[in-house]
Amino acid sequence: MNVKRLVILSVAPAIVASSIVLVLGFAGIRLNIASNSLPPGLYLIVPAGKGSDLLICPTGIAEKVSIKREYRVKSFGCGDGYAPLLKPIAARAGDTVTLSEAGVAVNGKLLPNSKQYPKDGIGRPMPLVPFGTYAVLPGTVWVISSYNRFSFDSRYFGPVNLDEKVRYAKLFWLF
């Protein structure tokens, strides 16, 4: 086998995979294989308010931490040059969120796998939303993953403003 053929055979799969992701994106479908906050699969981008999940372009401390720690990959999805985070919506306007040592409760119901951890998986300190009870204000949501107990979500950066760059999504197909 010559070198040219070997290079083509090794690069072709990456080109095909990138093309598929690009086509899915233009079709309004998000391939989730990088985020551990939700199961791997295909997620449809849906009109505002219609999905149970949210693609967010974090701001403030969440943006800084997610980039510095490489929680987000380089991409064209957000204005900062990185991919949005895909997170499940746990609380909407009118709900009450309580953060305690036990975890996050929404309207009194404790969410599984929602305990805050003072350090991430490799020992770096996490920003923590102080324990307490919070009213979810109009125009905001809290995103908390019950799927992954180590998810970087609202227990670390608080509510997400819906006037920020967000897109709603809903599960289409699990892998």
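Attention in this report is confined to the structure presented alongside it. Just so we're clear, the structure is a prediction, and the values are computed from it rather than from any experiment. Within any chain, residue numbers begin from 1 and follow the written order of that chain's sequence. Local features in a predicted model are, by the rule used here, given only for residues with pLDDT of at least 70; side-chain atom pairs are given and counted only at 80 or more, and totals for whole chains, interfaces and linings are based on all residues. Side-chain measures were taken over the full set of non-hydrogen atoms in the model, leaving aside hydrogen atoms and water.

## Comments concerning the packing of aromatic side chains
Classification of ring pairs rests on two measures: the distance between centres of Phe, Tyr or Trp rings, Trp counted by its six-membered ring, which must be within 6.5 Å, and the angle between planes, read as stacked under 30 degrees, edge-to-face over 60 and tilted in between. Overall, the coordinates contain six aromatic pairs when judged by the stated rule. An angle of 40 degrees between the planes, with centres 5.6 Å apart, marks the rings of Tyr134 and Trp142 as tilted. Only protein chains enter the accessibility calculation, which uses a 1.4 Å probe; a residue whose area is less than 20% of its type maximum is buried, one above 50% is exposed, and one in between is partly exposed. With relative accessibility at 25%, the residue Tyr134 sits in the partly exposed group. Following the ring pairs from residue to residue traces out a cluster consisting of Tyr71, Phe152, Tyr156 and Phe157.

## Digging into the environment of Ala93
Helix and strand definitions here come from DSSP, where helices need a minimum of 4 consecutive H or I residues and strands a minimum of 2 consecutive E residues; each element is numbered from the N-terminal end. Relative to the elements of secondary structure, Ala93 occurs in the loop between strand 4 (85-91) and strand 5 (96-100). Between the alpha carbons of Ala93 and Ala135 there is a distance of 7.8 Å; along the sequence they are 42 residues apart.

## Here's the deal with helix 2 (residues 60-68)
Side chains three or four residues apart in an α-helix point the same way, a direct result of the helix having 3.6 residues per turn. Among the residues of helix 2, Ala62, Val65 and Ser66 are the ones counted as buried. Down the axis of helix 2, the buried side of the element spans an arc of 95 degrees, and every buried residue falls inside it. Along helix 2, exposed side chains directed more than 90 degrees from the buried face belong to Lys64 and Lys68. Residues count as neighbours in contact if any of their non-hydrogen atoms are within 4.5 Å of one another. Elements that come into contact with the buried residues of helix 2 comprise helix 3 (154-157). Once helix 2 finishes, Glu70 follows within two positions and takes phi at roughly 60 degrees, a positive value. Directions from the helix axis toward the C-beta atoms define the arc.

## Regarding the pattern of salt bridges
If the charged atoms of two oppositely charged side chains come close together, the side chains can form a pair. By salt bridge we mean one thing: a side-chain nitrogen of Lys or Arg within 4 Å of a carboxyl oxygen of Asp or Glu. Taken as a whole, this structure holds four salt bridges when the rule is applied. Here Arg69 makes a salt bridge to Asp120, at a shortest N to O gap of 3.4 Å. Within this pair, whereas Arg69 is found in the loop between helix 2 and strand 4, its partner Asp120 is found in the loop between strand 7 (109-110) and strand 8 (132-135), the two being separated by 51 residues in sequence. Across the pair, exposure class does not vary: Arg69 and Asp120 are buried alike. For Arg155, the salt bridge is made with Asp153, and the minimal N-O distance between the two is 2.7 Å. Pair check on accessibility: Arg155 and Asp153 agree, each one buried.

## Focus on the sheet that holds strand 5
Judged by pairing direction, the sheet is antiparallel, and its four strands sit side by side in the order 7-6-5-8 without closing on themselves. Each end of this open sheet is capped by a strand with a single partner; those strands are strand 7 and strand 8. Pairs of strands are assigned from DSSP output, requiring at least two bridges between the strands. The pairing of strand 6 (residues 103-106) with strand 7 spans two bridges and is classified as antiparallel. Across the sheet, Ala105 pairs through a bridge with Leu110, a residue of strand 7.

## Focus: the environment of Leu174
For Leu174, the location among the structural elements is in strand 11 (residues 166-174). Considered as a pair, Leu174 and Pro40 are 134 residues apart in the sequence and their alpha carbons are 6.1 Å apart.

## Observations regarding the side chain of Ser37
Tracing the sequence through the fold places Ser37 in the loop between strand 1 (29-32) and strand 2 (41-46). Given a relative accessible area of 2%, Ser37 falls into the buried group. A polar side-chain atom of Ser37 sits 2.6 Å from a polar atom in the side chain of Lys87. Any pair of nitrogen or oxygen atoms within 3.5 Å is treated as a polar contact; in protein, a donor-acceptor pairing is required on top of that, and neighbouring residues in sequence qualify only through side-chain atoms on both sides.

## Some remarks on the sheet that holds strand 2
Paired through backbone hydrogen bonds, the strands of a sheet run either parallel or antiparallel to each other. In spatial order, the strands read 1-2-11-3-4-9-10; together these seven strands make up an open sheet with antiparallel pairing. Across the chains shown, the open sheet's two edge strands, defined by having one partner strand only, are strand 1 and strand 10 (160-161). For strand 9 (residues 140-143) and strand 10, the ladder comprises two bridges, and the chain directions are antiparallel. Bridge pairing in strand 10 places Val141 opposite Val160.

## Side note on the nonpolar core
Membership of the largest hydrophobic core comes to 17 residues, with the highest contact counts inside it found for Leu54, Ile56, Val143, Phe152, Phe157 and Val160. For this core, the elements supplying multiple residues, two or more each, are strand 3 (53-56), helix 2, strand 4, strand 9, helix 3 and strand 11. The contact partners of Phe152, leaving out residues within four places of it in the chain, are Ala62, Val65, Ser66, Tyr71, Leu85, Lys87, Met126, Pro127 and Phe157. Here, nonpolar core means buried Ala, Val, Leu, Ile, Met, Phe, Trp, Tyr and Cys residues that are tied together by side-chain atoms lying within 4.5 Å of each other. Of all hydrophobic cores here, the second largest spans ten residues; its members include Leu99, Val104, Val106 and Val136.

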